[in-house]
Amino acid sequence: MAVMLTIGLWGLDRGGMWGDESVTFQVAQRTVPQIWRLLHDVDAVHGLYYLFMHAVLAVHPSEVVLRLPSVCAATATAGLVAALGVRLAGPRVGLGAGVLYAITPMAGHYAQEGRSYALVAAGAAGATLLLLRAVDCGGAGAWWPYGTVVALTCVLHELAVPVLGAHAVTLALLRVPRRVWSGWGRAAGAVALLVLPLVWVSQGQAGQVAWLVPPGWDRVGRLARNFSPGPAGPVFWGALLLMAVGLRERRTAAVALPLLLVPPGILMTVSQIRPLYHDRYVLYALAGASLLVAAGAGRVARALGRVRFDGRRMRVGGRRVRALLGVTGVLALTVTFLNQLPVHRQDRSAAHRPDNLAVVSALAVRQMRPGDPVLFVPSVGRLAALAYPKGFQRARDIALRESAPRSGTLWGLEAGPGELRRRLASVDRVWVVAERSALDPRRSPPDPVERTKLVVLAEEFTVREEHVREERVRDDVLLRLYVRRGPGDTPTGEEPPRRPADALPPGVSAGTPALSTSALSTSALGAPALGASALGASALGALGASALGASALGASALGASALGAPALGASALGASALGASALGASALGTSARSTRLSPRPVP
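Since we're looking at a predicted model, the values are computed, not measured. (Residues numbered from 1 in each chain as written. Predicted model: local features only at pLDDT ≥ 70, side-chain atom pairs only at ≥ 80, totals over all residues. Heavy atoms only, no water.)

Asker: Report on the nonpolar core, specifying residues and quantitative values.
Answerer: Counting residues in hydrophobic clusters, the biggest one holds 117 residues, and the most contacted among them are Y146, W184 and F392. At 13 residues, the largest contribution of residues to this core is made by helix 8 (residues 117–137). Discounting residues that sit within four places of it in the chain, W184 has contacts with L131, W143, Y146, L164, H167, A168 and L171. (Core = buried A, V, L, I, M, F, W, Y, C linked by side-chain atoms within 4.5 Å. Buried < 20%, exposed > 50% of the residue type's maximum accessible area, 1.4 Å probe, protein only. Helix = DSSP H or I, 4+ residues; strand = E, 2+ residues; numbered from the N terminus. Contact = heavy atoms within 4.5 Å.)

Listed below in structure tokens is the structure:
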């Protein structure tokens, strides 16, 4: 437990919340009636967790306090896994199983996440221990604690229900008498009756997991590596070998193997029809892997402990061999942890999570002026403002119709397409917070409001500035300043030109709009933008004289651009004169007004 607690507390304040954590943070700070209203439409599966976190964050709302329950739950799980090992195979196996659970990177990852998965894992491990106690005791009263813990675990997250299937297989493998089956059946039935209403409500909210896809064999391999103390190399293959040896320990295998295989197997099978599977939903199955590896190591140690080494001058007996094997086991666990230390260290970085909303807020603090309108594309991006309101307190959310707490939603209700068009028509500049992929012109969102955002931005605005965080994760969350197009500007409906990230100078991000920074830029001289057909680029924006270069167009062409001459079509310049096939954004000498800001958490 000490090992898990240390790993859990190490780097707990990583400098920012990601999207799911921010949902926990802002929902848990609502009133109980507001939380209850939310659960009628969304996130019913997390209802008990939100109410629990409401009490926790009432003490002190902060990122560290948000994650502390997960740290405590992971610590308890490591202790419960150790207790299972002691009950099944003895103290050494128990100690090894607990430490193995603690040093597995997957356990450390979710120990530092402000979601319910670590708590569910603790509940499943506790329920398994109570199952063994009830089997050994045989009394009817022993099933009440078991049923209570299983029920709380399943209400905490309904996808913990497959643990009942694992326990049924365990009872079958142990060949328990009928009275044990009877006691377990009553407990399982009570749990089912309690969970059924939650399942019924959550069925109407299934759209929340519409992003999941049916898992293939690649996900099976990924889960196997996540459940190992090391995802590759000798550690991974050694763990698999010890698991195979651990199967020879009949009682331990009867508990650990179903816990390891049944929940992922059920969810993966169901997900072939209706996708529900994600690795984090079966975190509680990790305990089975740790128990099997420790049981295999214990069996090997016992076999070696019976060996006698005879020499001319000394005789080494079994006790000394066992002591030596104990030291070897400690060294093996230490080496395993040190081997995975880079993985653990990476997990302590906010860049390793899907996004970092603190950095988005920091960008807003530095760039937005009081009263500036801001548009979130898509609306889920408003989570950054809800989690870190300081960054957006000076801005005006131009699309928001009703706030998230008042509307009983996660990120608020927005104006309809017509009203949104009228609101955007009243401003000449608007800041856009979005993931880069959300601004892809080829994207056509099913939501009419989201489509309206993209259409209006493409037809009526052009990009003036772009700011992107320094960290590189799955998708850039960027801050763009859009300004209304001038009378002579032609809407293209496309993104600004992109250049490869490895070809960019320091401080410039890939996908940054190609905006001229020359002293003769069109923003200074008022020259109309050159059409994409003239230069062979998708969207070059307003090019200054220096962007074209006298050597390319000649002094007369440069002069015309400087004096504000009309836009030059392909017929005026000729594709051969410009060498359109050779001219990209970088060949034209355009530079990007993009700024990379170092992450700065906003309290």
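Asker: Would you mind going over unusual backbone geometry in detail, with residue names and values included?
Answerer: For the bond running from V377 to P378, omega is -10°, close enough to zero to count as cis. Relative to the elements of secondary structure, P378 occurs in the loop between strand 3 (373–377) and helix 19 (383–387). Positive phi, close to 60°, is recorded for D43, a residue that is not glycine. Position of D43 relative to the elements: it lies in the loop between helix 3 (32–39) and helix 4 (47–57). If you check the backbone angles, R175 has positive phi at about 55° while not being a glycine. The exposure class assigned to R175 is exposed, which follows from its relative accessible area of 71%.

Asker: Break down the pairing of strand 9 (residues 477–484) for me, with residues and values.
Answerer: Each regular strand carries side chains that alternate between the two faces of the sheet. Within strand 9, seven of the eight residues are buried, which leaves the element mostly enclosed by the surrounding structure. Sheet topology places strand 7 (residues 429–435) next to strand 9; seven bridges connect them, and they run antiparallel. Bridging across to strand 9, W431 finds its partner in L481. (Pairing = 2+ DSSP bridges.)

Asker: How would you summarise the packing of aromatic side chains if you had to cite specific residues and measurements?
Answerer: Within the structure shown, the criterion is met by seven aromatic pairs. Centroid distance Y117 to Y281: 6.1 Å. Interplanar angle 50°. Geometry classified as tilted. You can see Y117 sitting in helix 8 and its partner Y281 sitting in the loop between helix 14 (250–270) and helix 15 (286–305), a full 164 residues away along the chain. The exposure class assigned to Y281 is buried, which follows from its relative accessible area of 10%. Summarising the aromatic geometry, the rings of W143 and Y146 are spaced 5.6 Å apart at their centres and angled 85° between planes, so their arrangement reads as edge-to-face. (Phe/Tyr/Trp six-rings, centres within 6.5 Å; stacked < 30°, edge-to-face > 60°.)

Asker: Report on the pattern of salt bridges, specifying residues and quantitative values.
Answerer: Taken as a whole, this structure holds 23 salt bridges when the rule is applied. Between R429 and D372 there is a salt bridge, and its shortest N-O distance comes to 3.2 Å. Here D372 lies in the loop between helix 18 (357–367) and strand 3 and R429 lies in strand 7, a separation of 57 residues in the sequence. Here R429 falls in the partly exposed class, since its relative accessible area comes to 22%. Residue D397 is joined to R382 by a salt bridge in which the shortest nitrogen-to-oxygen separation is 2.5 Å. With D397 in strand 4 (residues 396–397) and R382 in the loop between strand 3 and helix 19, this residue pair connects regions lying 15 residues apart in the sequence. (Salt bridge = Lys/Arg side-chain N within 4 Å of Asp/Glu carboxyl O.)

Asker: Tell me what's going on with helix 6 (residues 91–103), and back it up with residues and numbers.
Answerer: In this model, helix 6 (13 residues) spans 18 Å end to end at C-alpha, consistent with the 18 Å of a helix rising 1.5 Å per residue. A large share of helix 6 lies buried, amounting to 10 of its 13 residues. Considered for burial, the residues of helix 6 that qualify are V93, G94, G96, A97, G98, V99, L100, Y101, A102 and I103. (Expected span 1.5 Å × (residues − 1).)

Asker: Before we move on, could you go through the side chain of Q205 and cite the residues and values that matter?
Answerer: The residue Q205 is located in the loop between helix 11 (178–203) and helix 12 (217–226) in this model. The class for Q205 is buried, based on a relative accessible area of 8%. Of the polar contacts made by the side chain of Q205, one reaches the backbone nitrogen of D43; its length is 3.0 Å. Apart from the residues lying within four places of it in its own chain, the contact partners of Q205 are L39, H40, D41, V42, D43 and A44. (Polar contact = N/O pair within 3.5 Å; in protein donor to acceptor, adjacent residues only side chain to side chain.)

Shape is all these values report; function is a separate question.
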